[in-house]
Amino acid sequence: MRPLRVRIGVLGLALVAGLAAPTAATAAPRAGSAAPAPTVEELRLDGDVPREILRRSGFAAVAPAFARGLGRTGSYREARAVVAREGAALWRRAVDRVQGRGPARGDLSRDDDRPLYWARLGMTRELRAWEPGFGLSERQRAALLTELERTSRGQTDLRLPRGGHGGHGKGVKRVLLTGFDPFTLDRDIRISNPSGAVALALDGTVIDTPDGPARVETAVFPVRWADFEQGTVERALRPYLPRVDLFTTVSQGRVGRFDVERTNGAWRGGFPDNANVSRTETVPVTDPASQPQWTTTTLPYAAITAAATGRFPVYDNTSVTEIPAGATEAVVRPDGPTPGSTAREGGGGNYLSNEIAYRATLLRDRLGLHGTLPGGHVHTPVLPFGAGNTDPATGAVTDPEFVRNRLDIVAQTRAIVGVAVSAAGTDRG
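Anyway, here's the lowdown on the structure attached to this text. Quick caveat, the model's predicted, so the values are computed rather than measured.

### Digging into the overall build of the protein
Summing up its helical and strand segments, the protein has 13 helices and 14 strands in all. Taking all 429 residues of the protein together, 55% fall into the buried category. A sequence separation of at least 24 residues applies to 78% of the contacts in the protein between residues at least 6 apart. For the protein, the computed accessible surface area is about 16,800 Å², with 54% contributed by carbon and sulfur atoms.

Structure follows, in structure tokens:
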């Protein structure tokens, strides 16, 4: 995920032509009450494209079934149990579909990450509008929504093998990988995010490396500034970083290339998120008095960039944008930040991909793991549609080139993780 000036020029996406009429809600509000309004993201469900993706993947019935389950509950406790169960079931169903377990239930290719995104939004819209007879406070509704977000994103399903961090080649290595939802949907509502596809494809899988087997556990995160400000990254990762042997956050970046981002910056550049909210400010974290302007990768970037991992080139990206110490204007530094400078862009820009990398690596450092835990950020290539399928108003939701590129990106990311695990094990040994 890149800043405005890069991504608009690179993607060249037109505005979506229009949205179809809304479908009827299946979780009706209580008589006489006013249901909370759907969010910006949830309103996009009323378009033809999301409905087609849900129908062609077999996920169209997820939200109505969830609403019926909510309707059968008689207390907040029962509702919370339904939310946790159905959120986790959605994550497992999406992982199983991508990994080839069970029926595909539709003609959309199994590698697609978009059914999970749109089905989750259907569930959150039902939960937001639900007004049970036993009464539900806004605080309780918010807690249920948080539970649904966490469970349906795999954040409560991180099942690491036994053992502690720093096994030095003994037993199964533990890898934590994160991806993102689709984004820039108002430019092309058909968009898929290859990092989300990577997360679904690799969750729970084992990669054989020269340094031994590596178990990969994954989760996905929203493209929303507010969730990050509320600590969603730290809550999800803090229990696991001391227990893993390597972590990498992953997002979609530049056209035709992978990048290992050397440096992450403490700055939000303001590009609108999936809620159409903009933030231009220092990345808000706890204990801001000790907050650094920059954090760095501890992934074995030299080994990753030297390895033959797939058809896309892989770069060690050292560039940042900074305001030098004592200056007022931002400048690009191809070789990284200078002492005392203020961040304006990390190697991964100043959007949420940079922010998740910054937060994850800052958490690593605050846990005292900088010298022992390899971790950082990898940007995948942009995932385009095929030639002749570039108009979001009239184009198809998928095509053979689109699928081939996504499969190749997933396979190469898997190979990059394997190289990283092996090289990090050698370095620690």
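### What about the nonpolar core?
Counting 63 residues, the largest nonpolar core has Phe66, Trp118, Leu127 and Leu177 as its most contacted members. Excluding residues that lie within four positions of it along the chain, Trp118 makes contacts with Glu41, Arg44, Leu45, Pro50, Ile53, Leu54, Leu185 and Ile189. Within the second largest apolar cluster, 24 residues are counted, among which are Phe180, Phe228, Leu237 and Ile356.

### Focus: empty space enclosed by the protein
Within this structure, the stated rule accounts for four cavities of 30 Å³ or more. Of the pockets and cavities examined, the largest cavity occupies roughly 60 Å³. What lines the largest cavity is Asp113, Leu116, Tyr117, Phe180, Asp181, Pro182, Gly196, Leu200 and Val220. Elements with a minimum of two residues in the lining of the largest cavity: helix H6 (114-129) and helix H8 (194-202). Grouping the amino acids of the lining of the largest cavity by side-chain chemistry returns six nonpolar, one polar and two charged.

### As for the sheet that holds strand E11 (residues 320-323)
For sheets, the rule is that strands pair by backbone hydrogen bonds, running either parallel or antiparallel. Strand order in the open sheet formed by three strands is E12-E11-E13, and the pairing between neighbours is antiparallel. The two strands at the open ends of the sheet, each matched to only one other strand, are strand E12 (331-333) and strand E13 (342-345). Strand-to-strand, the axes of this sheet are offset by a mean angle of 45 degrees, without reference to chain direction. Judged from the three bridges that link them, E11 and E12 form a sheet pairing that is antiparallel. By the bridge assignment, Thr321 is partnered in E12 with Val332.

### Remarks on the sheet that holds strand E4 (residues 246-252)
Across the sheet, seven strands lie side by side as E2-E3-E1-E4-E14-E5-E10; this open sheet has mixed pairing. At either margin of the open sheet sits one strand with a lone partner, and together these are strand E2 (206-209) and strand E10 (314-317). Each strand axis lies, on average, 25 degrees off the axis of its neighbour in the sheet, ignoring direction.

### A few points about the pairing of strand E3 (residues 212-221)
For E3, the buried fraction is high: eight of the 10 residues fall into the buried class. As paired elements, E2 and E3 share four bridges and run antiparallel to each other. Counted as the bridge partner of Val206 is Arg215 from E3. Between E2 and the antiparallel strand that follows it, E3, lie two residues.

### Description of unusual backbone geometry
Even without being a glycine, Arg105 presents a positive backbone phi close to 55 degrees. One non-glycine residue with positive phi stands out, namely Asp287, at about 50 degrees. As for its position among the elements, Asp287 is in the loop between strand E8 (280-282) and strand E9 (294-296). Of the residues examined, Asp287 reaches a relative accessible area of 45% and is grouped as partly exposed.

### Observations regarding the packing of helix H4 (residues 62-71) against H6
The geometry of H4 relative to H6 is characterised by a closest axis approach of 8 Å and an angle of 30 degrees between their N-to-C directions. Relative to H6, the element H4 is oriented roughly parallel. Crossing geometry of H4 relative to H6 is assigned as right-handed. Residue-level inspection shows Val62, Ala63, Phe66, Ala67 and Leu70 of H4 in contact with H6, the latter providing Ala119, Gly122, Met123, Glu126 and Leu127. Counted by class, the contact of H4 with H6 contains eight nonpolar, one polar and one charged residues.

Rules used in this analysis
Residues numbered from 1 in each chain as written. Predicted model: local features only at pLDDT ≥ 70, side-chain atom pairs only at ≥ 80, totals over all residues. Heavy atoms only, no water. Helix = DSSP H or I, 4+ residues; strand = E, 2+ residues; numbered from the N terminus. Buried < 20%, exposed > 50% of the residue type's maximum accessible area, 1.4 Å probe, protein only. Contact = heavy atoms within 4.5 Å. Areas by Shrake-Rupley, 256 points an atom, 1.4 Å probe, with all protein chains shown as cover. Core = buried A, V, L, I, M, F, W, Y, C linked by side-chain atoms within 4.5 Å. 1 Å grid on protein atoms, 1.4 Å probe; cavity = no way out; pocket = protein on both sides within 12 Å on 5 of 7 lines; lining within 4 Å. Points joined across faces, edges and corners; volume = space filled by probe spheres on them. Nonpolar A, V, L, I, M, F, W, Y, C, P; charged D, E, K, R; others polar. Pairing = 2+ DSSP bridges. Axes fitted to C-alpha atoms, helices over the stretch in contact; angles between N-to-C directions. Parallel < 35°, antiparallel > 145°, perpendicular 65-115°, else oblique. Left-handed = near helix turned anticlockwise from the far one by under 90°.

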